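# Notes for the structure review
This is what each chain is made of:
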Amino acid sequence: MGSENVMEKGNSQNSSKRRKGGFITLPFIIANETLEKVPSFALLPSMMLYVKSNYNMNIAEGHNLISLWQALSNFTPIVGAFFADSYMGRFVTIGLGSIASFLGVIILWLTTLLPNTRPPPCDHTAPQTCKSATSGQLAILICALFFKSIGAGGIRPCSMPFGAEQLSNRSEKALESYFSWYYAAATLGGSLGLTVVVYILQTYGWTVGYGVCACLMFLATVAFYLASSLYIKHKATTSLFTGFAQVLVASYKNRDLPFPSQKSGYHHGKGSEICVPSEKLRYLNKACIIRNAVEEIGPDGLALDPWSLCTVQKVEELKALFKVIPIWSTGIMIGIASNQHSFPVLQASTMNRNVFGGFQIPAASLPVFLYGTIMVWVVLYERLLIPLASKIRGKQVYISATLRMGMGLFLSAVAMGLYAVVENARLRKAHNEGKLESSGAIVNMSVLWLLPQNIVMGIAESVNTLGQFEFYHKEFPKTMSSIGNSLFFLSIAVGYILNIVLFNIINHTTSKDGKPSWVADNLNEARFDYYYWLLAGLSLLNVFYYIICRSAYGSTSNVVDEGYVSEEEE
C-alpha cells in the first residue's frame, strides 16, 4: 500500500512536471513582447520630432543620436544572449530586461515633466538665440535611452526562443506557426504604437504620450511574471563564449599535431553522438585531438584542461557560428535600408496629410503602413498563400528560409528605388510651387504617395526577418539558440553604425562649395532622392553578394544538442 502511494505521488509529480510549458504559456510570452513593442515603436519615429522640438537638435545631431541608440539596442541582445545561454537562463534575462525597459521609459517620461531636464524652447524668429542642451540634460536623456537598450538586450534575443522551449515536444509545423504568429503579434504591438500612441503624443502632448508608454511597459513586465509557475525554464551548464575561446586556444596549441586516422583519436565526450568532427574548417579539429588519454582525460570523461583539449561538440558549435557569418553579413544592408525611420517622417511632415474626410495622419505614424504590411503579410502567407499553393500542386509547399531571405533583400532594393522616385516627385512639386527655400512648407502632394514603398519594404522585412529567424533556429543547436536569434539584431546594430558613417560621409562630401548637402535640414533644398538611389544600388549589389554566399554555404545539420540541460530550474 505504501509503495502504491509512493508510485501515485511520483506519477502525480511527473504529471505536474509534464504540464509545464505548452500553448498555455504562449499568450503571456507574446503579451510581454507585444506590449513592449507598443512603446518601443512609438518612441522610435517620434524621437526625432522630440529632440528637435525639446532639445533643439538639428537633423544630423538627431539622426546620429537615434542611430547610436538603435545600434546599442540591437547590440545588447548579443550580451543578453550570452548571459541567458551561459549563466542566468532566458526567464531571468527576459524579466530583468522588462524591468530595465520600464525604468528607461519612466526616465524619459520624467524629462517631459521636469522643465530643468531640457533646454529652454527655441525662438524660431531668432534661431541664433537657440540654446543647446547642457551635458547634464543630455546625460538624463541618454540614461533613459540606455536603460531602454538594456531592456531590449534582455527581451529581444530570449523571448522567441523561450516560447519555442515551451513547445519542445511539438511538431515542426507548430513551431513554424508559432514563429509566424509571434512575429505578427509583435508587429501588431508596433502598429498600435505607431497609430494609437503616436496619435496620443500628437493630440495630448509628450507628457501624456510617454506616460501611456510607461504604463504599457509596466503591463508588459507584469504579464510575463504572471505565468512564472507555468514556464519550462532551461538552464545552460557551460559558457558558450568561453567554449569558443577554448577551441581557438586549443587548436593553436595543437597546431603541430597530425590528424588521427581513427575515431578514437578525437575527444567526443561521454555519451556523445558525434565521434568525428566535420571536414570543413579542418584546422579547428586540432582542438579535439587527444595526445595522451591518460594524462588529458579524467575518470568522468571530461578533459582535465579544457584549454588544451575540447570536445568535438564544442568544435562543431564554433564551426556553426563561423559558417553562417557570410550569410549573416548580407542582413547588414537590409538593416541600413530599413533603418531610415527619421527621413520618411520628415518627408511626411512636408506633405498633405489630410485623408478620409479631413482626418490628418500624424507624420510619426507613417511607419504603421510598413509594420501593418508585415502583420498582414504574415497572416496571408500562413493562412492563404501557402495553403492555396499546396492545394494547387497537390502536396505541401514550403519556401525555404534561405530563399525567403534572398527575396527580402531584392524587395528592399525595389523599395529604396520607390523612395527615390517619390522623393524626386515631391521635390519637383516644391520647385513648381516656389517652396524650395521654406523648410516647413507643405507641398500639394498627398502623403499616400509614400505608401507603395512602405508596403514593399514591409514585405521585404517580413520575408527576410522570418527567414533569418528560422535559418538560425534550424542551423544552430539549442545550446546556441539565443545567440543565433541575436545575430539578427547584431546585423541591425552594425547596419545602424554603418548608416551613421554613410550619412555623415554623404553630408560632408555633398555640401562643398556652399551647396546644401543631399541630407540638408531643409528637405526642399536637400536631395534625399539621390541618397535613396545610392541605397537602392548598394542593396542590389548586396543581392548578388547573397547569391554567392548562399551557393558557398554548407549545412550544419550534423551539430546535435549536447550539454543542454532540460531540467527545470528550481
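Here the residue numbers are simple positions, counted from 1 along each chain's written sequence. Selection of residues for local features in this predicted model requires a pLDDT of at least 70, selection of side-chain atom pairs for listing and counting requires 80 or more, and totals for whole chains, interfaces and linings are taken over all residues. Where side-chain values are given, they derive from all heavy atoms of the structure, hydrogens and water being excluded.

### Focus: the nonpolar core
Nonpolar side chains tend toward joint burial in soluble globular proteins. Note the threshold: Nonpolar cores were defined as sets of buried Ala, Val, Leu, Ile, Met, Phe, Trp, Tyr and Cys residues, with membership established by side-chain atoms within 4.5 Å. Summary of the burial criterion: residues with accessible area below 20% of their type's maximum are buried, those above 50% are exposed, and those between are partly exposed, where the area comes from a 1.4 Å probe applied to protein chains only. Every residue pair with non-hydrogen atoms within 4.5 Å of one another is taken to be in contact.
In this structure, Met 47, Tyr 178 and Tyr 531 are the most contacted members of the largest nonpolar core, which totals 116 residues. The contacts of Tyr 531, once residues within four sequence positions are left out, are Gln 340, Phe 343, Asn 499, Leu 502, Phe 503, Ile 506, Trp 518 and Val 519. Counting residues in each nonpolar core, the second largest holds 13 residues, with Ala 348, Ala 363, Leu 366 and Val 443 among its members.

### Points about empty space enclosed by the protein
Under the convention used in this document: The distinction between a cavity and a pocket rests on a 1 Å grid over the protein atoms alone: a 1.4 Å probe fits inside a cavity but cannot get out, while a pocket stays open yet meets protein on both sides within 12 Å along at least five of seven lines, and a residue with an atom within 4 Å of a point counts as lining. Grid points are joined across faces, edges and corners, and a volume is the space filled by probe spheres set on the points. We count a stretch as a helix when DSSP gives it H or I for four or more residues in a row; a strand needs E for two or more, and each element gets its number in order from the N terminus.
For the structure shown, the criterion picks out seven cavities of 30 Å³ or more. Each pocket or cavity is described by its volume, and for the largest cavity that value is around 660 Å³. Of all the elements in the fold, those that place two or more residues in the lining of the largest cavity are α2 (26-54), α3 (59-88), α5 (135-155), α7 (172-204), α12 (331-338), α14 (368-393), α16 (451-475) and α17 (481-509).

### Focus on unusual backbone geometry
In this structure, Asn 56 is a non-glycine residue whose phi angle is positive, near 55°. With respect to the secondary-structure elements, Asn 56 resides in the loop between α2 and α3. We note that Leu 281 has phi near 50°; this positive angle belongs to a residue other than glycine. With respect to the element layout, Leu 281 can be found in the loop between α9 (240-253) and α10 (293-296). Among the residues examined, Leu 281 registers a relative accessible area of 41% and is labelled partly exposed.

### A few points about the side chain of Ser 159
The line we're drawing: Whenever a nitrogen or oxygen atom comes within 3.5 Å of another N or O atom, the pair is scored as a polar contact, on the condition that within protein one atom can donate a hydrogen and the other can accept it, and that pairs from neighbouring residues in sequence are kept only if both atoms are in side chains.
With respect to the element layout, Ser 159 can be found in helix α6 (residues 159-165). Among the polar contacts listed, one links the side chain of Ser 159 to the side chain of Tyr 182, at a separation of 2.9 Å. Apart from residues no more than four positions distant in its own chain, Ser 159 is found in contact with Ile 29, Glu 33, Ile 94, Tyr 178 and Tyr 182.

### With respect to the confidence of the model for the protein
To be explicit about the condition: The pLDDT score gives, residue by residue, the confidence of the prediction method on a 0 to 100 scale.
Residues at a pLDDT of 70 or more form 86% of the protein, whose mean pLDDT is 81. Counting contacts from residues 556-570, a segment whose pLDDT is below 50, to residues more than four positions away or on other chains yields 48 contacts.

### Let's talk about the packing of helix α15 (residues 401-432) against α16
The geometry of a pair of packed helices is captured by two quantities: the angle between their axes and the separation between those axes. Just so we agree on the cut-off: Lines fitted to C-alpha atoms define the axes here, with helix axes fitted over just the stretch in contact, and angles between the N-to-C directions of these axes take values from 0 to 180 degrees. The labels follow the angle: roughly parallel below 35 degrees, roughly antiparallel above 145, roughly perpendicular from 65 to 115, and oblique for the rest. Throughout, a crossing is termed right-handed when the near helix is turned clockwise from the far one, and left-handed when it is turned anticlockwise from it by less than a right angle. Under the scheme applied, nonpolar residues are Ala, Val, Leu, Ile, Met, Phe, Trp, Tyr, Cys and Pro; charged residues are Asp, Glu, Lys and Arg; polar residues are all the others, including Gly.
The N-to-C vectors of α15 and α16 enclose an angle of 160°; their axes lie 7 Å apart at closest approach. As far as their axial angle goes, α16 and α15 are roughly antiparallel. Crossing angle aside, the handedness with which α15 passes α16 is left-handed. Looking at the contact of α15 with α16, its residues break down into 19 nonpolar, eight polar and two charged.

### Things to note about α15
Just so we agree on the cut-off: Helix span is expected to be 1.5 Å times the residue number reduced by one.
Given a rise of 1.5 Å per residue, 32 residues ought to cover 46 Å, and the 47 Å separating the end C-alpha atoms of α15 matches this to within 8%. Downstream of α15 by a residue or two, Gly 434 has a phi angle that is positive, lying close to 70°.

### Overview of the pattern of salt bridges
Going by this rule: We define a salt bridge as a side-chain nitrogen of Lys or Arg found within 4 Å of a carboxyl oxygen belonging to Asp or Glu.
In the structure shown here, the tally under the stated rule is seven salt bridges. Between Lys 319 and Glu 316 there is a salt bridge, with its nearest N and O atoms 3.4 Å apart. On the criterion of helical spacing, the pair formed by Lys 319 and Glu 316 is a turn pair, its members being three residues apart in helix α11 (residues 312-329). Each member of the pair, Lys 319 together with Glu 316, is buried. For the salt bridge of Glu 470 with Arg 404, the shortest nitrogen-to-oxygen distance reads 2.7 Å. Of this pair, Glu 470 sits in helix α16 while Arg 404 sits in helix α15, placing them 66 residues apart in sequence. Of the two residues, Glu 470 and Arg 404, both sit in the buried class. A single network of salt bridges, built from pairs that share partners, joins Glu 33, Glu 36, Lys 37 and Lys 148.

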